[in-house]
Amino acid sequence: MKTPYKNIYSILKLNRFIVLSVIIGAVITCIVSIVMVIKLHKESVNNAFVVNTNGSVIPLKMVSQRENLNVETLAHLELFHTYFYNIDASNYEKNLEKALWLGNSSVDALYRQKKVDGVYNRLLQYSLVQKVLSIESKVNLQNEPYGFETMTIFEINRGTITDTYELTTTGKIIHVDRNFPKNTHGLLITDFFENTLKKITDEN
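The following paragraphs examine the structure supplied in this document. In this text, all values refer to a predicted model and were calculated from it rather than measured experimentally.

Scoring rules and cut-offs
- Residues numbered from 1 in each chain as written.
- Predicted model: local features only at pLDDT ≥ 70, side-chain atom pairs only at ≥ 80, totals over all residues.
- Heavy atoms only, no water.
- 1 Å grid on protein atoms, 1.4 Å probe; cavity = no way out; pocket = protein on both sides within 12 Å on 5 of 7 lines; lining within 4 Å.
- Points joined across faces, edges and corners; volume = space filled by probe spheres on them.
- Helix = DSSP H or I, 4+ residues; strand = E, 2+ residues; numbered from the N terminus.
- Nonpolar A, V, L, I, M, F, W, Y, C, P; charged D, E, K, R; others polar.
- Buried < 20%, exposed > 50% of the residue type's maximum accessible area, 1.4 Å probe, protein only.
- Core = buried A, V, L, I, M, F, W, Y, C linked by side-chain atoms within 4.5 Å.
- Contact = heavy atoms within 4.5 Å.
- Pairing = 2+ DSSP bridges.
- Phe/Tyr/Trp six-rings, centres within 6.5 Å; stacked < 30°, edge-to-face > 60°.
- Arc of directions from axis to C-beta.
- Salt bridge = Lys/Arg side-chain N within 4 Å of Asp/Glu carboxyl O.

**What to know about the layout of surface pockets**
By volume, the largest pocket amounts to about 390 Å³. Lining the largest pocket are 20 residues, and of these Lys-114, Val-119, Gln-130, Phe-154 and Ile-156 sit closest to its centre. Taken together, the elements giving at least two residues each to the lining of the largest pocket come down to helix H2 (65-85), helix H5 (119-125), strand E5 (146-157), strand E6 (162-175) and strand E7 (187-203). In terms of residue class, the lining of the largest pocket is made up of 13 nonpolar, three polar and four charged. Taken as a whole, the second largest pocket encloses approximately 160 Å³ of empty space. Elements supplying a minimum of two residues to the lining of the second largest pocket: H2 and helix H3 (92-100). Residue classes in the lining of the second largest pocket are distributed as five nonpolar, one polar and three charged.

Structure representation (structure tokens):
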């Protein structure tokens, strides 16, 4: 009597099913592992961890670096333009000294040019008061150095006459070491340039 053999096609079919099942399982396992690694990486980037007194690890959610940089650059520009343009006979030397800490040689060159042109002498001679009314800046944070454009509105009080001006300045910002209290944001203005200056009101 002959020994019964299983149909060869049935055996191959079963083998193919087993192989495909193993391959699909392996692929699914790899995909899940990759997703978990990516998720873990994102969580570790967005969180800082500290150890408290009893040894427990506590995650702290970090504020976006881009948001921090945007706030700091805008604050730096506002501080600089306030120091550089909000001046009178009593405070201009102190304010300009502070402003020079926030910019590089391009700021110093502009300051020296204004000095040669007699801007600060006229400030003293006629007791002028130059007051900043508003400062609005736009900063491109895509790549360092970060380009910026700032519109500063200020008025010059000449006693009986007050004139208001709109000044547009441009330049770039780079990172430097923080220096408290002279440069608390750790930023430096470069390539500073006064683009346009126009008189917007003439009040008597």
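**Details of the environment of Leu-69**
With respect to the helices and strands, Leu-69 occurs in helix H2. Owing to a relative accessible area of 14%, Leu-69 belongs among the buried residues under this scheme. Taking the C-alpha atoms as reference points, Leu-69 and Leu-187, separated by 118 residues in sequence, lie 9.9 Å from one another.

**Comments concerning the nonpolar core**
Ranked by size, the top nonpolar core spans 30 residues in total, and within it Phe-80, Phe-84, Ile-189 and Phe-192 carry the most contacts. Looking at this core, the elements with two or more residues in it are H2, H3, helix H4 (105-116), H5, strand E4 (129-139), E5, E6 and E7. Looking at which element gives the most residues to this core, the answer is H2, with five residues. Look past the residues within four positions of Ile-189 in its chain and what remains in contact with it is His-76, Leu-77, Phe-80, Leu-102, Gly-103, Asn-104, Ser-106, Val-107, Phe-148, Lys-172 and Ile-173.

**Comments concerning the pairing of E6**
Burial of E6 is extensive: 11 of the 14 residues sit out of reach of the surface. As paired elements, E5 and E6 share 12 bridges and run antiparallel to each other. Pairing of Thr-152 across the sheet is with Leu-167, part of E6. Following E5, the chain reverses through four residues before pairing antiparallel with E6; Gly-159 in that reversal takes a positive phi of roughly 95°.

**What to know about the packing of aromatic side chains**
Under the criterion given, the structure shown has eight aromatic pairs. Ring centres 6.2 Å apart and planes at 15° place the aromatic pair Tyr-85 and Phe-154 in the stacked group. Taken together, the positions of Tyr-85 in helix H2 and Phe-154 in strand E5 put the pair 69 residues apart, joining distant regions of the chain. Here Tyr-85 matches Phe-154 in class, with each residue buried. Three or more aromatic residues link up through ring pairs in this structure, and these residues are Phe-80, Phe-84, Tyr-85, Phe-154, Tyr-165 and Phe-192.

**Some points on H3**
All of the buried residues along H3 are Tyr-92, Asn-95, Leu-96 and Ala-99. Along H3, the residues classed as buried sweep out an arc of 95° about the axis, all on the same side. Of the residues in H3, the exposed ones pointing more than 90 degrees away from the buried face are Glu-93 and Glu-97.

**Focus: the pairing of E5**
Judged from the 10 bridges that link them, E4 and E5 form a sheet pairing that is antiparallel. Opposite Val-129, over in E5, you have Asn-157 as the bridge partner. Linking E4 to E5, which pair antiparallel, is a turn of six residues.

**Quick look at the pattern of salt bridges**
Counted by the stated rule, this structure contains seven salt bridges. Salt-bridge contacts for Asp-163 lead to Arg-158; the nearest nitrogen and oxygen are separated by 2.5 Å. Arg-158 sits in the partly exposed class, given a relative accessible area of 38%. A salt bridge links Lys-172 to Asp-191, with the nearest nitrogen and oxygen atoms 4.0 Å apart. Here the residue Lys-172 occupies a position in strand E6, and Asp-191 occupies one in strand E7, the gap between them amounting to 19 residues. The class of Lys-172 is partly exposed, set by a relative accessible area of 35%. Shared partners join several salt bridges into a network, and the residues in it are Arg-158, Asp-163 and Lys-199.

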